[in-house]
Amino acid sequence: MFDKLKGAFKGFYEKITTKMLSEKNLEKHLDDLRFNLIRNDVAVSAADEICDSLKQDLSGEKVGRLEKIKNVSFSALENTILNMLTPENPIDLLKLCEEKKNRGEPLILLFLGINGTGKTTTIAKLVKYFMDNKYTSVLAAADTFRAGSIEQLGKHAKNLNVRLIKHDYGSDPASVAFDAINHAISKHINVVLIDTAGRMETNKNLIQEMNKICRVAEPDLRIFVASLLVGNSAYEQIRIFSKEVGVDASILNMADADVKGGAIISVAYISKKPILFLGNGQSYDNLEPFKPKKYMELILS
Ligand SMILES: Nc1nc2c(ncn2[C@@H]2O[C@H](COP(=O)(O)OP(=O)(O)O)[C@@H](O)[C@H]2O)c(=O)[nH]1
Ligand SMILES: [Mg+2]
């Protein structure tokens, strides 16, 4: 997982600790690092900030004194990355769920993102997660667009023994969401998870439809789901979804297959919203709460 990004930092550290450094070759090593970060899905603006912090930390009197550089704790780098990953307003999903429950209301979660990013699978994993934490769920099959989507979600509902609210294909997704919410209210179900069709970010009709679901369902969280494997386009997607629909948090999938690792930094840095989980496989338990410090330690190890 994330081996390439790890390799980029390791390579840089090795270069600056094994050779005498001058201001000039520090610049060169930083340029190499910047290039490697961008190549491994770190957004240009984020790569610049990382390299600037390293430059500040390493330039001046420290440069050229090998022993001292060896002992550089990289605290500036750690702080920079941790800052990028830590949202201004963190979200505690279970606490939010408990608060809603205490108010006698269901927690309403809307999932958005383009096709094939793992939205439907993530919803099933979250049902299991809530179940493990003693909360009940209902699913809204509001992807009425893609053939087979209702059956796919239905299969998960059956496996996990939760209710699926569905209408016919081609029907209004907002009314499916509305019915699921009413079901949750009348049956005192804790969480409503609304699946949606893959929205190509450029498709105006689908964006409008998404906004209609938001108006009708008034979700507590609009959760953006992306695949880490698409690299740069993950943060381009979240930028557009944030602008056109609004995003409160994200879940990033395919971490198990992502050898690069930089898209996580980019999504956090560009969106400034919490990453709630990483999806790291196809089974229901392959959902890992995202911990900025753990990820930072992993890539800087
Ligand atoms: N390896 C891996 N596969 C995943 C992960 N999440 C989802 N998938 C797979 O990605 C494919 C698309 O997922 P799906 O939930 O249908 O995406 P959707 O179109 O956004 O609803 C399916 O084959 C899933 O099993 C993950 O974290 N890791
Ligand atoms: Mg789907």
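Residues numbered from 1 in each chain as written. Chains lettered and ligands numbered in written order. Predicted model: local features only at pLDDT ≥ 70, side-chain atom pairs only at ≥ 80, totals over all residues. Heavy atoms only, no water.

Considerations on the nonpolar core
The tendency in soluble globular proteins is for nonpolar side chains to be buried as a group. Of all hydrophobic cores here, the largest spans 69 residues; its most connected members are Ile-264 and Ile-265. Both domains that meet at this core, namely domain 1 (3-85) and domain 2 (93-299), each give it at least three residues. Among all residues touching Ile-264, those that are not within four sequence positions of it are Phe-2, Leu-85, Leu-228, Leu-252, Ile-275, Leu-278, Phe-290 and Tyr-295. Residues Leu-107, Val-127, Phe-130 and Leu-287 belong to the second largest nonpolar core, which totals 29 residues. (Core = buried A, V, L, I, M, F, W, Y, C linked by side-chain atoms within 4.5 Å. Buried < 20%, exposed > 50% of the residue type's maximum accessible area, 1.4 Å probe, protein only. Domains from an automatic or database assignment. Contact = heavy atoms within 4.5 Å.)

As for the pairing of strand β1 (residues 107-112)
Here β1 lies mainly inside the structure; 6 of its 6 residues are buried. Side chains Leu-107, Leu-109 and Phe-111 of β1 all project onto a buried face; the interleaved residues Ile-108, Leu-110 and Leu-112 project onto the opposite face, where all are buried too. In this sheet, strand β5 (residues 221-227) lies alongside β1 in parallel orientation, the contact comprising 4 bridges. If you follow Leu-112 over to β5, its bridge partner there is Phe-224. (Helix = DSSP H or I, 4+ residues; strand = E, 2+ residues; numbered from the N terminus. Pairing = 2+ DSSP bridges.)

Considering the pattern of salt bridges
If you walk through the whole model with that rule in mind, you get 19 salt bridges. The partner of Asp-48 in a salt bridge is Arg-34, with the nearest N and O atoms 2.9 Å apart. Pair noted here: Asp-48 is in helix α3 (residues 44-58) and Arg-34 is in helix α2 (residues 23-39), with a separation of 14 residues, a long-range link. What makes Arg-34 partly exposed here is its relative accessible area of 22%. One salt bridge in this structure joins Glu-105 and Arg-103, with 3.8 Å as the shortest N-O distance. Among the residues examined, Glu-105 registers a relative accessible area of 33% and is labelled partly exposed. (Salt bridge = Lys/Arg side-chain N within 4 Å of Asp/Glu carboxyl O.)

Topic: helix α8 (residues 149-160)
The terminal C-alpha atoms of α8, which comprises 12 residues, lie 17 Å apart, in line with the 16 Å expected from a rise of 1.5 Å per residue. For α8, the complete set of buried residues consists of Ser-149, Ile-150, Leu-153, His-156, Ala-157 and Leu-160. Buried residues of α8, viewed axially, fall in a sector of 125 degrees; they line one side. Pointing more than 90 degrees away from the buried face of α8 are the exposed residues Lys-155, Lys-158 and Asn-159. Next to the buried residues of α8 lie α7 (119-132), β2 (137-142), β3 (163-165) and β4 (191-196). Just beyond α8, the residue with positive phi is Asn-161, at close to 60 degrees. (Expected span 1.5 Å × (residues − 1). Arc of directions from axis to C-beta.)

Structural notes on the packing of α2 against α3
Packing of α2 against α3 brings their axes to within 9 Å, and their N-to-C directions diverge by 150 degrees. Judged by the inter-axis angle, α2 sits roughly antiparallel to α3. Where α2 crosses over α3, the two elements pack in a sense that is right-handed. The residues of α3 that touch α2, namely those facing Leu-26, Glu-27, Leu-30, Leu-33, Arg-34, Leu-37 and Ile-38, are Val-44, Ala-47, Asp-48, Ile-50, Cys-51, Asp-52, Leu-54, Lys-55 and Leu-58. Split by residue class, the contact of α2 with α3 holds 11 nonpolar, no polar and 5 charged. (Axes fitted to C-alpha atoms, helices over the stretch in contact; angles between N-to-C directions. Parallel < 35°, antiparallel > 145°, perpendicular 65-115°, else oblique. Left-handed = near helix turned anticlockwise from the far one by under 90°. Nonpolar A, V, L, I, M, F, W, Y, C, P; charged D, E, K, R; others polar.)

Notes on the domain arrangement of the protein
The domain boundaries assigned to the protein delineate domain 1 (3-85) and domain 2 (93-299). When each unit is reduced to the centre of its C-alpha atoms, the spacing between domain 1 and domain 2 is 36 Å. Opposite the 20 residues of domain 1 that make contact, domain 2 presents 22 residues. The junction of domain 1 with domain 2 conceals about 1800 Å² of combined surface from both sides, 67% of it contributed by carbon and sulfur atoms. The interface formed by domain 1 and domain 2 includes 1 salt bridge. In this structure, Lys-260 engages Asp-41 in a salt bridge whose closest nitrogen and oxygen atoms are separated by 3.9 Å. Counting every contact that joins domain 1 to domain 2 gives 7 residue pairs in polar contact (both at pLDDT 80 or more). Those elements giving two or more residues to the side of domain 1 that touches domain 2 turn out to be α1 (3-18), α3 and α5 (75-85). (Buried area = accessible area lost by both parts, 1.4 Å probe. Polar contact = N/O pair within 3.5 Å; in protein donor to acceptor, adjacent residues only side chain to side chain.)

Focus: the state of the cysteines
Summed over the entire model, instances satisfying the criterion amount to 0 disulfides. Unpaired in this structure, Cys-97 has its nearest cysteine sulfur neighbour in Cys-214, at a distance of 19 Å. (Disulfide = S-S within 2.5 Å.)

Details of the packing of aromatic side chains
Considering all chains together, one arrives at 5 aromatic pairs under this definition. Their ring planes at 80 degrees and their centres at 5.0 Å tell us that Tyr-129 and Phe-277 sit as a pair that is edge-to-face. Taken together, the residues span a long stretch of sequence, with Tyr-129 in helix α7 and Phe-277 in strand β7 (residues 275-279) at a distance of 148 residues. Plain terms: the ring middles of Phe-290 and Tyr-295 are 5.9 Å apart, the flat faces sit at 50 degrees to each other, and that makes the pair tilted. Take Tyr-295: its relative accessible area is 4%, and that puts it in the buried class. Feature note: the residues Phe-2, Phe-290 and Tyr-295 constitute an aromatic cluster, connected by ring pairs. A cation over a ring is seen here: Lys-272 above Tyr-269, with NZ or CZ 4.3 Å from the ring centre. (Phe/Tyr/Trp six-rings, centres within 6.5 Å; stacked < 30°, edge-to-face > 60°. Lys NZ or Arg CZ within 6 Å of the ring centre and 35° of its normal.)

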